[in-house]
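Tertiary structure, described
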Protein chains: 2
Amino acid sequence: MLTRIDHIGIACFDLDATVEFYRATYGFEVFHSEVNEEQGVREAMLKINETSDGGASYLQLLEPTREDSAVGKWLAKNGEGVHHIAFGTADVDADAADIREKGVRVLYDEPRRGSMGSRITFLHPKDCHGVLTELVTSAAVESPEH
Amino acid sequence: MLTRIDHIGIACFDLDATVEFYRATYGFEVFHSEVNEEQGVREAMLKINETSDGGASYLQLLEPTREDSAVGKWLAKNGEGVHHIAFGTADVDADAADIREKGVRVLYDEPRRGSMGSRITFLHPKDCHGVLTELVTSAAVESPEH
(Lines give C-alpha, C1' and ligand atoms only; values in the text may rest on other atoms or scores of the structure.)
Protein backbone atom coordinates (compact mmCIF):
# COMPACT_ATOMS: atom_id res chain seq x y z
CA MET A 1 0.00 0.00 0.00
CA LEU A 2 1.33 3.39 -0.97
CA THR A 3 1.21 5.59 2.11
CA ARG A 4 3.05 8.81 1.30
CA ILE A 5 4.50 11.10 -1.31
CA ASP A 6 8.10 10.04 -0.74
CA HIS A 7 9.74 12.52 -3.07
CA ILE A 8 9.56 14.64 -6.19
CA GLY A 9 12.50 13.97 -8.52
CA ILE A 10 13.75 17.12 -10.25
CA ALA A 11 16.33 16.94 -13.04
CA CYS A 12 18.89 19.75 -13.26
CA PHE A 13 22.02 20.57 -15.23
CA ASP A 14 24.06 21.79 -12.25
CA LEU A 15 23.35 20.14 -8.89
CA ASP A 16 25.34 22.61 -6.81
CA ALA A 17 23.61 25.63 -8.36
CA THR A 18 20.19 24.02 -7.92
CA VAL A 19 20.87 23.08 -4.30
CA GLU A 20 21.91 26.70 -3.71
CA PHE A 21 18.69 27.96 -5.37
CA TYR A 22 16.53 25.85 -3.03
CA ARG A 23 18.57 26.91 0.01
CA ALA A 24 18.64 30.62 -0.79
CA THR A 25 15.02 30.86 -1.96
CA TYR A 26 13.20 28.62 0.52
CA GLY A 27 15.71 27.73 3.23
CA PHE A 28 15.68 24.01 2.31
CA GLU A 29 18.87 22.23 3.37
CA VAL A 30 20.56 19.10 2.01
CA PHE A 31 19.62 16.11 4.17
CA HIS A 32 21.65 13.58 2.21
CA SER A 33 23.66 13.42 -1.00
CA GLU A 34 25.13 10.56 -2.99
CA VAL A 35 26.16 9.31 -6.41
CA ASN A 36 24.13 6.43 -7.82
CA GLU A 37 26.29 4.95 -10.58
CA GLU A 38 23.64 2.45 -11.65
CA GLN A 39 21.10 5.25 -12.24
CA GLY A 40 23.82 7.56 -13.60
CA VAL A 41 22.98 10.44 -11.26
CA ARG A 42 24.49 12.63 -8.61
CA GLU A 43 21.72 13.62 -6.23
CA ALA A 44 20.78 15.69 -3.20
CA MET A 45 17.80 14.94 -0.98
CA LEU A 46 16.13 17.95 0.69
CA LYS A 47 13.79 16.86 3.48
CA ILE A 48 10.63 18.99 3.46
CA ASN A 49 8.36 17.37 6.05
CA GLU A 50 7.68 14.18 7.93
CA THR A 51 4.66 12.07 7.03
CA SER A 52 1.90 10.29 8.92
CA ASP A 53 3.23 6.83 7.99
CA GLY A 54 6.50 7.44 9.85
CA GLY A 55 8.43 8.45 6.73
CA ALA A 56 9.19 11.78 5.13
CA SER A 57 8.79 13.76 1.92
CA TYR A 58 11.83 15.04 0.05
CA LEU A 59 12.81 16.92 -3.03
CA GLN A 60 15.34 14.82 -4.91
CA LEU A 61 17.60 16.96 -7.11
CA LEU A 62 19.25 14.94 -9.87
CA GLU A 63 22.20 15.78 -12.09
CA PRO A 64 23.23 13.14 -14.65
CA THR A 65 26.76 11.75 -14.35
CA ARG A 66 26.68 10.69 -18.00
CA GLU A 67 24.73 11.86 -21.04
CA ASP A 68 23.41 8.39 -21.88
CA SER A 69 21.77 7.89 -18.46
CA ALA A 70 17.97 8.02 -18.31
CA VAL A 71 18.07 11.43 -16.60
CA GLY A 72 20.74 12.69 -19.02
CA LYS A 73 18.62 11.79 -22.03
CA TRP A 74 15.50 13.22 -20.43
CA LEU A 75 17.26 16.53 -19.68
CA ALA A 76 18.58 16.82 -23.24
CA LYS A 77 15.04 16.44 -24.52
CA ASN A 78 13.02 18.37 -21.92
CA GLY A 79 15.34 20.74 -20.11
CA GLU A 80 15.20 21.15 -16.34
CA GLY A 81 12.02 20.25 -14.48
CA VAL A 82 10.09 17.54 -12.64
CA HIS A 83 11.40 14.17 -13.84
CA HIS A 84 9.34 11.77 -11.70
CA ILE A 85 7.24 11.42 -8.57
CA ALA A 86 7.67 8.71 -5.94
CA PHE A 87 5.27 7.07 -3.54
CA GLY A 88 6.46 5.38 -0.35
CA THR A 89 5.36 1.89 0.63
CA ALA A 90 6.41 -0.58 3.30
CA ASP A 91 6.62 -3.35 0.67
CA VAL A 92 7.75 -2.32 -2.80
CA ASP A 93 7.89 -5.96 -3.96
CA ALA A 94 4.23 -6.63 -3.15
CA ASP A 95 3.01 -3.33 -4.58
CA ALA A 96 5.03 -3.72 -7.78
CA ALA A 97 3.65 -7.24 -8.28
CA ASP A 98 0.11 -6.08 -7.63
CA ILE A 99 0.42 -3.13 -10.01
CA ARG A 100 2.05 -5.27 -12.72
CA GLU A 101 -0.91 -7.64 -12.50
CA LYS A 102 -3.20 -4.69 -13.26
CA GLY A 103 -1.43 -4.25 -16.61
CA VAL A 104 0.85 -1.31 -15.74
CA ARG A 105 4.42 -1.89 -16.98
CA VAL A 106 6.93 -2.11 -14.10
CA LEU A 107 10.37 -1.22 -15.45
CA TYR A 108 12.54 -3.52 -13.29
CA ASP A 109 12.15 -7.25 -12.74
CA GLU A 110 13.39 -6.75 -9.18
CA PRO A 111 13.63 -3.49 -7.18
CA ARG A 112 17.01 -1.75 -7.36
CA ARG A 113 18.95 0.44 -4.98
CA GLY A 114 17.65 4.01 -4.58
CA SER A 115 18.55 6.94 -2.33
CA MET A 116 19.73 6.23 1.21
CA GLY A 117 19.68 2.46 0.77
CA SER A 118 16.04 2.35 -0.29
CA ARG A 119 14.63 -0.22 -2.73
CA ILE A 120 12.89 1.25 -5.75
CA THR A 121 11.15 0.48 -8.99
CA PHE A 122 9.53 2.59 -11.70
CA LEU A 123 6.24 2.40 -13.59
CA HIS A 124 6.11 3.26 -17.29
CA PRO A 125 4.91 6.84 -17.75
CA LYS A 126 2.78 5.89 -20.77
CA ASP A 127 0.76 3.60 -18.50
CA CYS A 128 0.46 6.36 -15.84
CA HIS A 129 -1.05 9.30 -17.76
CA GLY A 130 2.35 10.74 -18.60
CA VAL A 131 3.86 10.57 -15.10
CA LEU A 132 7.05 8.57 -14.53
CA THR A 133 6.16 7.02 -11.17
CA GLU A 134 8.54 5.47 -8.67
CA LEU A 135 7.71 3.15 -5.77
CA VAL A 136 10.08 3.32 -2.78
CA THR A 137 10.62 1.28 0.33
CA SER A 138 12.93 3.23 2.60
CA ALA A 139 15.74 1.36 4.34
CA ALA A 140 15.94 3.63 7.35
CA VAL A 141 12.29 3.98 8.24
CA GLU A 142 10.67 0.75 7.23
CA SER A 143 13.47 -1.80 7.41
CA PRO A 144 15.43 -0.86 10.54
CA GLU A 145 17.32 -4.16 10.44
CA HIS A 146 19.18 -3.09 7.29
CA MET B 1 8.26 29.42 5.89
CA LEU B 2 7.45 26.51 3.60
CA THR B 3 6.72 23.50 5.78
CA ARG B 4 5.37 20.76 3.51
CA ILE B 5 4.89 19.40 0.04
CA ASP B 6 1.25 20.42 -0.25
CA HIS B 7 0.52 18.82 -3.59
CA ILE B 8 1.75 17.70 -6.97
CA GLY B 9 -0.36 19.17 -9.78
CA ILE B 10 -0.87 16.72 -12.66
CA ALA B 11 -2.47 17.83 -15.93
CA CYS B 12 -4.70 15.36 -17.75
CA PHE B 13 -7.04 15.29 -20.72
CA ASP B 14 -9.83 13.35 -19.01
CA LEU B 15 -10.25 13.90 -15.28
CA ASP B 16 -12.68 11.03 -14.74
CA ALA B 17 -10.40 8.53 -16.49
CA THR B 18 -7.37 9.76 -14.57
CA VAL B 19 -9.17 9.62 -11.22
CA GLU B 20 -10.16 6.06 -12.09
CA PHE B 21 -6.53 5.17 -12.96
CA TYR B 22 -5.30 6.40 -9.55
CA ARG B 23 -8.12 4.58 -7.75
CA ALA B 24 -7.77 1.29 -9.58
CA THR B 25 -3.95 1.24 -9.60
CA TYR B 26 -3.10 2.56 -6.14
CA GLY B 27 -6.36 2.74 -4.20
CA PHE B 28 -6.22 6.54 -3.92
CA GLU B 29 -9.66 8.10 -3.43
CA VAL B 30 -10.99 11.56 -4.25
CA PHE B 31 -10.91 13.72 -1.12
CA HIS B 32 -12.36 16.83 -2.77
CA SER B 33 -13.31 18.00 -6.25
CA GLU B 34 -14.22 21.40 -7.64
CA VAL B 35 -14.20 23.64 -10.69
CA ASN B 36 -11.96 26.71 -10.50
CA GLU B 37 -13.25 29.04 -13.22
CA GLU B 38 -10.51 31.62 -12.65
CA GLN B 39 -7.80 28.99 -13.22
CA GLY B 40 -9.85 27.32 -15.96
CA VAL B 41 -9.64 23.86 -14.44
CA ARG B 42 -11.79 21.04 -13.17
CA GLU B 43 -9.85 19.26 -10.45
CA ALA B 44 -9.78 16.35 -8.03
CA MET B 45 -7.66 16.27 -4.87
CA LEU B 46 -6.44 12.84 -3.74
CA LYS B 47 -5.12 12.92 -0.17
CA ILE B 48 -2.02 10.74 0.15
CA ASN B 49 -0.73 11.43 3.68
CA GLU B 50 -0.81 13.90 6.53
CA THR B 51 2.25 16.02 7.23
CA SER B 52 4.21 17.03 10.32
CA ASP B 53 3.06 20.68 10.09
CA GLY B 54 -0.60 19.70 10.59
CA GLY B 55 -1.42 19.76 6.89
CA ALA B 56 -1.50 17.07 4.23
CA SER B 57 -0.02 16.12 0.86
CA TYR B 58 -2.29 15.59 -2.14
CA LEU B 59 -2.19 14.75 -5.78
CA GLN B 60 -4.12 17.42 -7.65
CA LEU B 61 -5.49 16.12 -10.95
CA LEU B 62 -6.31 18.95 -13.36
CA GLU B 63 -8.40 18.95 -16.53
CA PRO B 64 -8.72 22.27 -18.37
CA THR B 65 -12.23 23.68 -18.78
CA ARG B 66 -11.09 25.77 -21.76
CA GLU B 67 -8.25 25.44 -24.26
CA ASP B 68 -6.89 28.94 -23.57
CA SER B 69 -6.40 28.33 -19.83
CA ALA B 70 -2.82 27.99 -18.57
CA VAL B 71 -3.30 24.24 -18.07
CA GLY B 72 -5.02 23.87 -21.45
CA LYS B 73 -2.13 25.53 -23.26
CA TRP B 74 0.42 23.54 -21.27
CA LEU B 75 -1.33 20.23 -22.10
CA ALA B 76 -1.49 21.07 -25.81
CA LYS B 77 2.26 21.66 -25.78
CA ASN B 78 3.48 18.94 -23.38
CA GLY B 79 0.83 16.25 -23.15
CA GLU B 80 -0.18 14.75 -19.82
CA GLY B 81 2.24 14.91 -16.89
CA VAL B 82 3.36 16.85 -13.83
CA HIS B 83 2.33 20.48 -14.33
CA HIS B 84 3.51 22.05 -11.05
CA ILE B 85 4.54 21.36 -7.47
CA ALA B 86 3.20 23.19 -4.42
CA PHE B 87 4.67 23.95 -1.02
CA GLY B 88 2.47 24.68 1.99
CA THR B 89 3.06 27.67 4.25
CA ALA B 90 1.14 29.30 7.09
CA ASP B 91 1.60 32.73 5.44
CA VAL B 92 1.64 32.81 1.65
CA ASP B 93 1.70 36.64 1.62
CA ALA B 94 4.89 36.86 3.68
CA ASP B 95 6.65 34.08 1.79
CA ALA B 96 5.68 35.49 -1.62
CA ALA B 97 6.98 38.94 -0.61
CA ASP B 98 10.22 37.47 0.72
CA ILE B 99 10.79 35.35 -2.39
CA ARG B 100 9.96 38.27 -4.72
CA GLU B 101 12.60 40.33 -2.91
CA LYS B 102 15.16 37.65 -3.77
CA GLY B 103 14.52 38.27 -7.47
CA VAL B 104 12.22 35.33 -8.24
CA ARG B 105 9.18 36.41 -10.28
CA VAL B 106 5.90 35.89 -8.39
CA LEU B 107 3.08 35.59 -10.92
CA TYR B 108 0.25 37.29 -8.98
CA ASP B 109 0.27 40.66 -7.24
CA GLU B 110 -1.98 39.20 -4.56
CA PRO B 111 -2.65 35.51 -3.79
CA ARG B 112 -5.73 34.08 -5.50
CA ARG B 113 -8.21 31.36 -4.58
CA GLY B 114 -6.92 27.78 -4.86
CA SER B 115 -8.34 24.37 -3.97
CA MET B 116 -10.58 24.04 -0.93
CA GLY B 117 -10.57 27.77 -0.19
CA SER B 118 -6.79 28.02 -0.01
CA ARG B 119 -4.84 31.13 -1.01
CA ILE B 120 -2.19 30.52 -3.66
CA THR B 121 0.42 32.12 -5.83
CA PHE B 122 2.90 30.83 -8.40
CA LEU B 123 6.61 31.40 -9.04
CA HIS B 124 7.91 31.68 -12.60
CA PRO B 125 9.36 28.32 -13.71
CA LYS B 126 12.24 30.03 -15.52
CA ASP B 127 13.38 31.44 -12.15
CA CYS B 128 12.99 28.01 -10.47
CA HIS B 129 15.15 25.70 -12.61
CA GLY B 130 12.23 24.74 -14.83
CA VAL B 131 9.71 23.94 -12.09
CA LEU B 132 6.42 25.83 -11.96
CA THR B 133 6.16 26.27 -8.19
CA GLU B 134 3.05 27.13 -6.20
CA LEU B 135 2.84 28.45 -2.63
CA VAL B 136 -0.32 27.54 -0.70
CA THR B 137 -1.89 28.60 2.55
CA SER B 138 -4.68 26.17 3.31
CA ALA B 139 -7.98 27.59 4.55
CA ALA B 140 -8.96 24.55 6.59
CA VAL B 141 -5.75 23.82 8.44
CA GLU B 142 -4.06 27.14 8.93
CA SER B 143 -6.88 29.67 8.89
CA PRO B 144 -9.67 28.00 10.85
CA GLU B 145 -11.55 31.30 11.11
CA HIS B 146 -12.27 31.30 7.36
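Residues numbered from 1 in each chain as written. Chains lettered and ligands numbered in written order. Predicted model: local features only at pLDDT ≥ 70, side-chain atom pairs only at ≥ 80, totals over all residues. Heavy atoms only, no water.

A word on the overall build of chain A. Across its full length, chain A carries four helices and eight strands. Secondary structure of chain A in N-to-C order comes out as β-α-β-β-β-α-β-α-β-β-β-α. In terms of overall size, chain A behaves like a compact globule, its C-alpha atoms giving a radius of gyration of 15 Å where 146 residues would be expected to give roughly 15 Å. Its C-alpha atoms give chain A principal-axis dimensions of about 40 × 35 × 25 Å. (Helix = DSSP H or I, 4+ residues; strand = E, 2+ residues; numbered from the N terminus. Rg over C-alpha atoms; globule rule 2.2 N^0.38 Å.)

All names here are of chain A. Within the fold, Glu-63 resides in strand 4 (residues 56–64). Counting along the chain gives 38 residues from Glu-63 to Thr-25, while the straight-line C-alpha distance between them is 20 Å. Ignoring any residue separated from it by four or fewer positions in sequence, one finds Glu-63 in contact with Cys-12, Phe-13, Asp-14, Leu-15, Gly-40, Val-41 and Arg-42. Among the polar contacts made by the side chain of Glu-63, one reaches the main-chain amide nitrogen of Leu-15 at a distance of 2.7 Å. (Contact = heavy atoms within 4.5 Å. Polar contact = N/O pair within 3.5 Å; in protein donor to acceptor, adjacent residues only side chain to side chain.)

Moving on, we get to the sheet that holds strand 4 of chain A. Strand order in the open sheet made by the eight strands is 2-3-4-1-5-8-7-6 (chain A), with mixed pairing throughout. What marks the edges here is a single partner per strand, and that holds for strand 2 (30–36) and strand 6 (112–113) of chain A. (Pairing = 2+ DSSP bridges.)

Residues and elements named next belong to chain A. A complete count under the given rule lists 24 salt bridges over all chains for this structure. For the salt bridge of Glu-63 with Arg-42, the shortest nitrogen-to-oxygen distance reads 3.3 Å. In this pair, Glu-63 sits in strand 4 while Arg-42 sits in strand 3 (residues 41–50), placing the two residues 21 residues apart along the sequence. Exposure remark for Glu-63: the relative accessible area of 16% places this residue in the buried category. Each of the salt bridges in this network shares a partner with another, and the network as a whole consists of Arg-4, Asp-6 and Asp-53. (Salt bridge = Lys/Arg side-chain N within 4 Å of Asp/Glu carboxyl O. Buried < 20%, exposed > 50% of the residue type's maximum accessible area, 1.4 Å probe, protein only.)

This next bit is on the sheet that holds strand 2 (residues 30–36) of chain B. All names here are of chain B. The strand order across the open sheet formed by eight strands is 2-3-4-1-5-8-7-6, and the pairing between neighbours is mixed. Either end of the sheet is taken by a strand with one partner, and the two such strands are strand 2 and strand 6 (112–113). The sheet contact formed by strand 1 (residues 2–11) and strand 4 (residues 56–64) spans five bridges and is parallel. Counterpart to Ile-8 in the pairing with strand 4 is Leu-59. Along the sheet, helix 1 (residues 15–26) makes contact with strand 1, strand 2, strand 3 (41–50) and strand 4, crossing strand 4 at roughly 150 degrees. (Axes fitted to C-alpha atoms, helices over the stretch in contact; angles between N-to-C directions.)

To continue, consider helix 2 (residues 70–78) of chain A. Residue and element names in this part refer to chain A. For helix 2, the set of buried residues is Val-71, Gly-72 and Leu-75. Looking down the long axis of helix 2, one finds its buried residues gathered within 105 degrees of arc, a one-sided arrangement. In this structure, helix 2 carries Ala-70, Lys-73, Ala-76 and Lys-77 as exposed residues pointing more than 90 degrees from its buried face. Looking at the buried side of helix 2, the elements it contacts are strand 1 (2–11), strand 3, strand 4 and strand 5 (81–89). Within two residues after helix 2, Gly-79 carries a phi angle of roughly 75 degrees, on the positive side. (Arc of directions from axis to C-beta.)

What follows deals with the layout of surface pockets. Residues and elements named next belong to chain B. In this structure, the largest pocket spans a volume of roughly 1400 Å³. Taken together, the residues that form the lining of the largest pocket break down as 18 nonpolar, 18 polar and twelve charged. Estimates place the volume of the second largest pocket at around 410 Å³. Mapped onto the lining of the second largest pocket, the elements with two or more residues apiece are strand 3, strand 4, helix 2 (70–78), strand 5 (81–89) and strand 7 (119–123). Top contributing element to the lining of the second largest pocket by residue count: helix 2, with four residues. (1 Å grid on protein atoms, 1.4 Å probe; cavity = no way out; pocket = protein on both sides within 12 Å on 5 of 7 lines; lining within 4 Å. Points joined across faces, edges and corners; volume = space filled by probe spheres on them. Nonpolar A, V, L, I, M, F, W, Y, C, P; charged D, E, K, R; others polar.)

Residues and elements named next belong to chain A. The final tally for this structure, using the stated rule, is 16 aromatic pairs over all chains. Aromatic pair Phe-21 and Tyr-22: ring centres 5.1 Å apart, planes at 85 degrees, arrangement edge-to-face. Residue Tyr-22 is classed as buried on the basis of its relative accessible area, which comes to 0%. For the pair Phe-31 and Tyr-58, a centre-to-centre distance of 5.6 Å together with 55 degrees between the ring planes defines the contact as tilted. Of this pair, Phe-31 sits in strand 2 while Tyr-58 sits in strand 4, placing them 27 residues apart in sequence. Above the face of the Tyr-108 ring, Arg-112 is positioned so that its terminal group lies 3.8 Å from the ring centre. (Phe/Tyr/Trp six-rings, centres within 6.5 Å; stacked < 30°, edge-to-face > 60°. Lys NZ or Arg CZ within 6 Å of the ring centre and 35° of its normal.)

Let us look at the relation of the copies chain A and chain B. The transformation that overlays chain A on chain B combines an axial shift of 0.0 Å with a rotation of 180 degrees, and the residual RMSD is 0.0 Å. In symmetry terms, the pair is related by a two-fold rotation axis. By C-alpha distance to the rotation axis, the residue of chain A lying nearest is Thr-51 of chain A, at 2.3 Å. Mapped onto chain B, 100% of the interface residues of chain A again fall at the interface, so both copies present the same surface. (Least-squares fit on C-alpha atoms with pLDDT ≥ 70 in both.)

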